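Residues per chain, in single letters:
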Amino acid sequence: MSAVSSTAAMADVNLEGLIRRNRRVDLVFAGAGLLVLFVTVAMLSALVIDLAIDGAPRLSWDFLTSFPSRKAARAGILSAWVGTSLVMLVTAALAVPLGVAAGVYLEEYAPRHWITDVIEINVTNLAGVPSIIYGLLALGLFVHAFAMGETILVAGMVLALLILPVVIVATREAIRSIPLVIREGSYALGADQWQTVRMYMLPAARPGILTGVIVGMSRAIGETAPVITIGALTFIAFLPPAPVSGGFPFINFDWLLAEFTVMPIQMFNWISRPQAEFHVNAAAAGLILLVMTLAMNGLAITIRYRARRTAR
Amino acid sequence: MASLSAVASGVVYAPDPAYLARRRLVDQLVRALLFLAASLSVFVTIGIVYVLVSECVGFFQKVSVIDFLTDTQWTPVFAQPHYGILPLLSGTILAAGIALLVAIPAGTVLAIYLSEYAPGRVRETVKPFLEVLEGVPTVVYGYFALLFVTPLFQVFLPSLAGFNLLAPGVVMGVMILPYVVSVSEDAMRAVPSGLREGAYALGFTRFQTAVKVVVPGAFSGITAAYILAMSRAVGETMVVAIAAGQNPNLTFDPTEGAATITAYIVQISLGDLPQGTLEYQTIFAAGLTLFLITLGFNVVGFFLRKKFREVY
Amino acid sequence: MDYAIKKRSAACDGAPGAANAYRAKVMGLSFWYRDFRALHDVEMPIHDRKVTALIGPSGCGKSTLLRCFNRLHDLYPGNRYQGEIRLYPDDVNLIAMDPMMVRLRIGMVFQKPNPFPKSIHENVAGGLWVRGIRRRSVVDERIEWALRQAALWDEVKDRLQGSAYELSGGQQQRLCIARALAPEPEMILLDEPTSALDPIATAKIEDLVTDLAKTVTVVIVTHNMQQAARISQYTGYFHLGRLIEFGETGDLFTHPKAKMTEDYITGRFG
């Protein structure tokens, strides 16, 4: 082979041009990355600004406290946001205990067994099932087979099932990231598994679980397809019965069985109309929805950020 | 709770056997409850399959499978009904195709940029931003596609119809982009830095390292990201329901409007749905088709990941 | 601190072929990881086509110095150099050069074998590909040469398209050596190349290093003193970022001039 130094001398001549060419490719790619970033930011900004411009003028106390109406100027989202709140209540009440319980089981208790594998495959699979299929499930099973009707309860159930994988995964990751020493310390004291989980691990996993729950709920608020499928009506000019009543037993659950609508459906209904006045209403509703979901996501991110800093 | 028994040189605390037995019972009870919660996901899958298949049994008793798969019209509510799934399939595939054409290349480029080029501070601002993007409700994206993007595109493409597949396709692409980026980027960051250093030490540029070492090293994770994106694109409902129109149309021209499988289900759900009628069953037939498609993606993804599992 | 650098009486112009030629010379090199000074004014020659070993206890800066040679520190923000490493026969300062140019001329093998997730062929061809050498016949010839240099050819010649991860740890490390050798670098840097390997694999690599030195200048970091004694011609002993002593390996190990060197060698600490 050639003497090392002559190879070096020869290589130098080519190397400089080569480096320049490679660097150029490098730069072009970096530019492409920034371009993608820029376009994405631009799109999101355009969306927010457009929504704000169209919808903000329509926001008013009247808007929040009126029922939908055939006259666009008089239409409001009262039934919609009440419906959303109630449905979210049911969703949270179902998804949080079930999701956390399932997550705890899978992470702490599940033995190496084919049943465990089946469960895990199912959780992963369900995370990828389109939301409208959940709607069909609820329609066929809850609304008709179980004869539960098109009610808030069913809506809460279907949304809970939808975000269940999110809560389960968040719980598992939160538990997984707890330092081993906490668990070992608890066992060393003589605690059994449930005591360890209840008194030490769940509290330590709380920020992670909370983040997952908030992200899941923000998804549920914006979900339209499954709720439409189970038959939520789009023109509801009444409110569900109040949970608190004057006479005994003071709290009733009739509202669970009431017909209802939710915010994204109301927005969908308005934007499906050809008249531009209704589009303005849709923009206003959308703005409120957007602010709600962005706020929730922002909250989740902040919690996670704070938890990471204190964990150090 | 504990009984004291004195021993020669000290006091020994021995737990009361009844207490221990109680704790064991509680532990087992908890374990059973948690297992039930975890196995819920299996029941959900079973429920979905059961509902879809049982309604389709009814459907395919009235409509032949051949017709379903080959008829080029989908007009179940017309006087002369046709039950060919092809128009809905073409709408779904076209819209999803456009979305993936946007999300996959742009998402991969951005993921590589964030993982290999961007300084830490940029990455830390962009990642939460992308999470926020994930949280925007799909109805809002639908509004944006219909009332902002379509008019914008019409400036450049005057032949673009008011309801079309191009605008929602592009918007869906932007909507799915954050998922592609975050899953891909996580996979790339998991590639050990020793591999990168080896490449840089040989004289590789950032781009060459990214393309020849990091991306192949993160292949299974990136595949997972793509499969996830495909499932989401095909299962998306509201953006297309709002902006693509609800007219089943067998076409490969994105400037026309068309209905997707998901938009059809929504459309029918908005109306009256007597259970047991053929119209009612059509949404389950459409739903089963969709479910099989996403199931197919998940299965392919599972095997691809298994085959290319990295063994650093 | 006692310094004891054996200066060569002949001019250090690195004329190739001269009996006491230098390939590189570290001159007044200091290095900071942000605010932490990891190297203090290191002065050291690297003899052409000889094996120079850098030894010392953990954290003494030997790996840091090694990575200065191929400017790997430039990959991470906050690192700072001061001083020079002159490369001969060009007489250029490595520290001021374009880092990519440096890395195209000086190769490195790492402590933990790090083959790319690709075939054996593609791994060894990596350095050639990046230099624009892509013609099949040239590449194949170079790959065979490099694998022979790394004493790996016979073991893999029938499965060049197989994945690099199918090889054992020792084989992967020899693969990495072949990969570094294929583009014929002027110098090759070995960062504790055998510390993750079993004794048999270690012996194989030590043998090939001795052979390599006939054509390439080798700088090797090792925490194993016996290894340094076995395969190097020159040794530098480092402690807390300072070069305490440098000299011919035989002399340094049998008659160390500095007390610290003696303490380390006799195992009083380390």
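(A) Expanded view of the overall build of chain B. In terms of regular secondary structure, chain B is built from 12 helices and 4 strands. A compact globule built from 312 residues would reach a C-alpha radius of gyration of about 20 Å, whereas chain B, at 27 Å, exceeds it by more than 25%. In terms of overall dimensions, chain B has a C-alpha envelope of 95 × 65 × 35 Å along the principal axes. Buried residues in chain B amount to 54% of all 312 residues. The contacts in chain B between residues at least 6 apart in sequence include a share of 69% that link residues at least 24 apart. Surface summary for chain B: the accessible area is close to 13,300 Å², and the carbon and sulfur share equals 68%. Averaging the locations of the 17 positively and 18 negatively charged side chains of chain B gives two centres separated by 15 Å.

(B) Representation of the interface of chain B and chain A in the model. Counting residues at the interface gives 75 residues for chain B, matched by 74 residues for chain A. Of the roughly 6,800 Å² buried between chain B and chain A, counting both surfaces, carbon and sulfur atoms make up 78%. Linking chain B with chain A are 2 salt bridges. A salt bridge links E131(B) to R304(A), with the nearest nitrogen and oxygen atoms 3.0 Å apart. In this structure, the connection of chain B to chain A is made through 10 residue pairs in polar contact (both at pLDDT 80 or more). It is helix α1 (residues 17–62) of chain B that provides the largest number of residues to the side of chain B that touches chain A, a total of 21 residues. Looking at the side of chain B that touches chain A, its residues break down into 52 nonpolar, 18 polar and 5 charged.

(C) Quick look at the confidence of the model for chain B. Of the residues in chain B, 95% reach a pLDDT of 70 or more, and the chain-wide mean stands at 87. Counting contacts from residues 1–5 of chain B, a segment whose pLDDT is below 50, to residues more than four positions away or on other chains yields 13 contacts.

(D) Seen up close, the layout of surface pockets. The calculated volume of the second largest pocket comes to roughly 440 Å³. Lining the second largest pocket are 16 residues, with S115(B), E116(B), R123(B), R206(B) and L75(C) positioned closest to its centre. Contributing elements (two or more residues each) for the lining of the second largest pocket: α3 (86–117), α4 (120–134) and α7 (193–201) of chain B. Sorting elements by how many residues they give to the lining of the second largest pocket places α7(B) first, with 4 residues.

(E) Layout of the packing of aromatic side chains. Residue and element names in this part refer to chain B. Counted under the stated rule, the structure contains 23 aromatic pairs over all chains. Note on F59 and F68: the rings are 5.6 Å apart at their centroids and 75° apart in plane angle, and the pair reads as edge-to-face. Neither residue differs from the other here; F59 and F68 are each classed as buried. Each residue in the set F59, F60, F68, W74, Y83 and Y264 is aromatic and connected to the rest through ring pairs, giving one cluster.

(F) Fine view of a nonpolar patch on the surface. All names here are of chain A. Residues V181, I182, L189, M199 and Y200 make up a contiguous nonpolar surface patch of about 480 Å² in total accessible area. Every element with two or more residues in the nonpolar patch is listed here: α7 (180–188) and α8 (193–222). Along the polypeptide, Y200 turns up in helix α8. Judged by its relative accessible area of 33%, Y200 falls in the partly exposed class.

(G) Molecular detail of the packing of helix α5 (residues 131–145) of chain A against α1(B). Where α5(A) meets α1(B), the axes come as close as 9 Å, and the angle between the chain directions of the two elements is 75°. With respect to their mutual orientation, α5(A) and α1(B) come out roughly perpendicular. Together, I133(A), Y134(A), L136(A), L137(A), G140(A) and L141(A) of α5(A) and V44(B), G47(B), I48(B), Y50(B), V51(B) and L52(B) of α1(B) make up the contact between the two elements. Among the residues making up the contact of α5(A) with α1(B), the classes are represented as 10 nonpolar, 2 polar and no charged.

(H) Representation of the environment of V167(A) in the model. All names here are of chain A. With respect to the helices, strands and loops of the structure, V167 is situated in helix α6 (residues 152–176). With a relative accessible area of 1%, V167 lands in the buried category. The spacing of V167 and V213 is 46 residues in sequence and 5.7 Å in space, taken between C-alpha atoms. In this structure V167 touches A95, G99, V100 and V213, once residues within four positions along its chain are discounted.

(I) Summary view of empty space enclosed by the protein. The tally for this structure, following the rule as stated, stands at 5 cavities of 30 Å³ or more. The computed volume of the second largest cavity comes to approximately 40 Å³. Of all the secondary structure elements, the ones that give two or more residues to the lining of the second largest cavity are α4 (114–127) and α6 of chain A together with α1 of chain B. No other element matches α6(A), which puts 4 residues into the lining of the second largest cavity. Of the residues in the lining of the second largest cavity, the class split is 8 nonpolar, 1 polar and no charged.

(J) Layout of a positive patch on the surface. Together, R20(A), R21(A), R24(A) and R134(C) make up a positively charged patch on the protein surface. Looking at where R21(A) falls in the secondary structure, it is placed in helix α1 (residues 4–55).

(K) The sheet that holds strand β3 (residues 36–47) of chain C, seen in detail. All names here are of chain C. Spatially, 4 strands are ordered β3-β2-β5-β6 in an open sheet, and the strand pairing comes out antiparallel. Whereas interior strands pair on both sides, the edge strands pair on one side only; in this sheet they are β3 and β6 (92–93). Note that strand β2 (residues 22–33) and β3 share 8 bridges and pair antiparallel. By the bridge assignment, Y33 is partnered in β3 with F36. Those strands touched by helix α1 (residues 62–69) are β2, β3 and β5 (79–87), and its axis lies near 115° from that of β2.

(L) Focus on the nonpolar core. If you look at the biggest cluster of nonpolar residues, it comprises 230 residues, and the most contacted ones within it are F260(A), I48(B), I283(B), F284(B), M44(C), L65(C) and F69(C). Looking at which element gives the most residues to this core, the answer is α3(B), with 16 residues. Ignoring anything within four residues of it in the chain, the contact list for I283(B) reads L136(A), L139(A), Y264(B), I265(B), I268(B), S269(B) and L273(B). Counting 48 residues, the second largest nonpolar core, distinct from the first, contains V109(C), V156(C), Y237(C) and L252(C).

(M) Local environment of the pairing of strand β9 (residues 217–221) of chain C. Residue and element names in this part refer to chain C. Counting buried residues in β9 gives 5 out of 5 residues, a clear majority hidden from the surface. Note: strand β4 (residues 51–55) against β9, 4 bridges, orientation parallel. Residue pairing across strands places L54 opposite V221, the latter belonging to β9. Examined bridge by bridge, strand β8 (residues 187–191) and β9 share 5 bridges and lie parallel to one another. Opposite I188, over in β9, you have V218 as the bridge partner. For the segment spanning β8, helix α7 (residues 199–212) and β9, crossover handedness is right-handed.

(N) Summary view of the pattern of salt bridges. Residue and element names in this part refer to chain C. Within this structure, the stated rule accounts for 34 salt bridges over all chains. In this structure, R86 engages D91 in a salt bridge whose closest nitrogen and oxygen atoms are separated by 2.7 Å. On the accessibility criterion, R86 (18% relative accessible area) is buried. According to the relative accessible area criterion, D91 is partly exposed, its value standing at 39%. Sharing partners across several salt bridges, the network here consists of R23, D48, R49, D90, R105 and E186.

(O) Representation of the packing of helix α3 (residues 78–109) of chain A against α1(B) in the model. At their nearest, the axes of α3(A) and α1(B) sit 8 Å apart, and the two run at 110° to each other. By the angle class used here, α3(A) and α1(B) are roughly perpendicular. Note that α3(A) runs across α1(B); the crossing there is left-handed. On α1(B), the residues touching L98(A), A101(A), A102(A), V104(A), Y105(A), L106(A) and Y109(A) of α3(A) are D27(B), V30(B), R31(B), L34(B), F35(B), A37(B), A38(B) and L40(B).

Calculation rules
- Residues numbered from 1 in each chain as written.
- Chains lettered and ligands numbered in written order.
- Predicted model: local features only at pLDDT ≥ 70, side-chain atom pairs only at ≥ 80, totals over all residues.
- Heavy atoms only, no water.
- Helix = DSSP H or I, 4+ residues; strand = E, 2+ residues; numbered from the N terminus.
- Rg over C-alpha atoms; globule rule 2.2 N^0.38 Å.
- Buried < 20%, exposed > 50% of the residue type's maximum accessible area, 1.4 Å probe, protein only.
- Contact = heavy atoms within 4.5 Å.
- Areas by Shrake-Rupley, 256 points an atom, 1.4 Å probe, with all protein chains shown as cover.
- Lys, Arg positive; Asp, Glu negative; His and termini not counted.
- Charge placed at Lys NZ, Arg CZ, Asp CG, Glu CD.
- Buried area = accessible area lost by both parts, 1.4 Å probe.
- Salt bridge = Lys/Arg side-chain N within 4 Å of Asp/Glu carboxyl O.
- Polar contact = N/O pair within 3.5 Å; in protein donor to acceptor, adjacent residues only side chain to side chain.
- Nonpolar A, V, L, I, M, F, W, Y, C, P; charged D, E, K, R; others polar.
- pLDDT = per-residue confidence, 0-100.
- 1 Å grid on protein atoms, 1.4 Å probe; cavity = no way out; pocket = protein on both sides within 12 Å on 5 of 7 lines; lining within 4 Å.
- Points joined across faces, edges and corners; volume = space filled by probe spheres on them.
- Phe/Tyr/Trp six-rings, centres within 6.5 Å; stacked < 30°, edge-to-face > 60°.
- Patch = residues over 30% accessible without salt bridge, like charges linked within 9 Å, V, L, I, M, F, W, Y side chains within 5 Å.
- Axes fitted to C-alpha atoms, helices over the stretch in contact; angles between N-to-C directions.
- Parallel < 35°, antiparallel > 145°, perpendicular 65-115°, else oblique.
- Pairing = 2+ DSSP bridges.
- Core = buried A, V, L, I, M, F, W, Y, C linked by side-chain atoms within 4.5 Å.
- Right-handed = clockwise from strand over helix to strand, strands pointing away.
- Left-handed = near helix turned anticlockwise from the far one by under 90°.

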